[in-house]
Amino acid sequence: MSKNKQAAPEQPLVVGRITSVFGVKGWVKLYSHTEPMQGIFDYPNWWLKTPSGWQSIELNQGRLQGRGLVAAVKGYHDRDLVKEICGMDIYTDANNLPTLDDGDYYWSQLEGLKVITKEGVLLGKVFQMMETGANDVLVVRACEGSFDREERLLPYSPDQFVLSINLEQKEMVVDWDPEF
């Protein structure tokens, strides 16, 4: 059976969510954070964080269904069984992610970085990233020592506004007016 209690993934990373039951044979609807959304099916191991600890689950089948995704999970063969995992985030181990080219980053690597202007003013930390169509947006929230308590939305544009990213120092330098 695929419902195994296991140690937590070394670097847990949310890649999606099991949203609801689909049909009567134990399939579920998924929300994927991957790009493309079907990329969630490429991760070999999924974990769920349950009240009793980490649970490893294995994908039996997955496919595009209309505008969304559906999947069958091994060991879950009926609607009632699968209800217990609905609403749970799907994690993978960030160590399983492909290595990116220099200058490319996963959103999870940017979240939590301090955002500092080129003049040295701390604007806050990257709380999350948003996809808007035209370009991605950094949601920067105030933190201890920041210029003010404002939340800012900054375009994630390495060619224009983001001057440098240092993952080791957990900092991003931007060309941005703190008054804006």
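The coordinates are above.
What you see is a predicted model, and the numbers here were worked out from it, not measured in a lab. (Residues numbered from 1 in each chain as written. Predicted model: local features only at pLDDT ≥ 70, side-chain atom pairs only at ≥ 80, totals over all residues. Heavy atoms only, no water.)

Novice: Now, about the environment of R63: what can you tell me, with residues and values included?
Specialist: On the secondary structure map, R63 appears in strand β6 (residues 59-65). Of the residues examined, R63 reaches a relative accessible area of 36% and is grouped as partly exposed. Excluding residues within four positions of it along the chain, R63 makes contact with F22, W27, F41, G68, L69 and V70. (Helix = DSSP H or I, 4+ residues; strand = E, 2+ residues; numbered from the N terminus. Buried < 20%, exposed > 50% of the residue type's maximum accessible area, 1.4 Å probe, protein only. Contact = heavy atoms within 4.5 Å.)

Novice: Residue-level account of the sheet that holds strand β11 (residues 136-141), with values.
Specialist: Working definition: the strands of a sheet are paired by backbone hydrogen bonds and lie parallel or antiparallel to each other. Sheet architecture is open: six strands sit in the order β12-β11-β10-β9-β14-β13, paired in mixed fashion. Edge strands, defined here as strands with exactly one partner in the open sheet, are β12 (152-155) and β13 (162-166). Neighbour-to-neighbour, the strand axes of this sheet turn through a mean angle of 35°, independent of strand direction. Where β13 lies against strand β14 (residues 171-174), four bridges are found, and the strand directions are antiparallel. The residue bridging V162 from the neighbouring strand is V174, located in β14. (Pairing = 2+ DSSP bridges. Axes fitted to C-alpha atoms, helices over the stretch in contact; angles between N-to-C directions.)

Novice: Could you give me a rundown of the side chain of D93, with the residues and numbers involved?
Specialist: Structurally, D93 is set in strand β8 (residues 89-93). Although D93 is buried, it makes no salt bridge; K49 carries the closest opposite charge, 14 Å away. When sequence neighbours within four positions are dropped, the list of residues in contact with D93 reads P9, E10, Q11 and W47. (Lys, Arg positive; Asp, Glu negative; His and termini not counted. Salt bridge = Lys/Arg side-chain N within 4 Å of Asp/Glu carboxyl O.)

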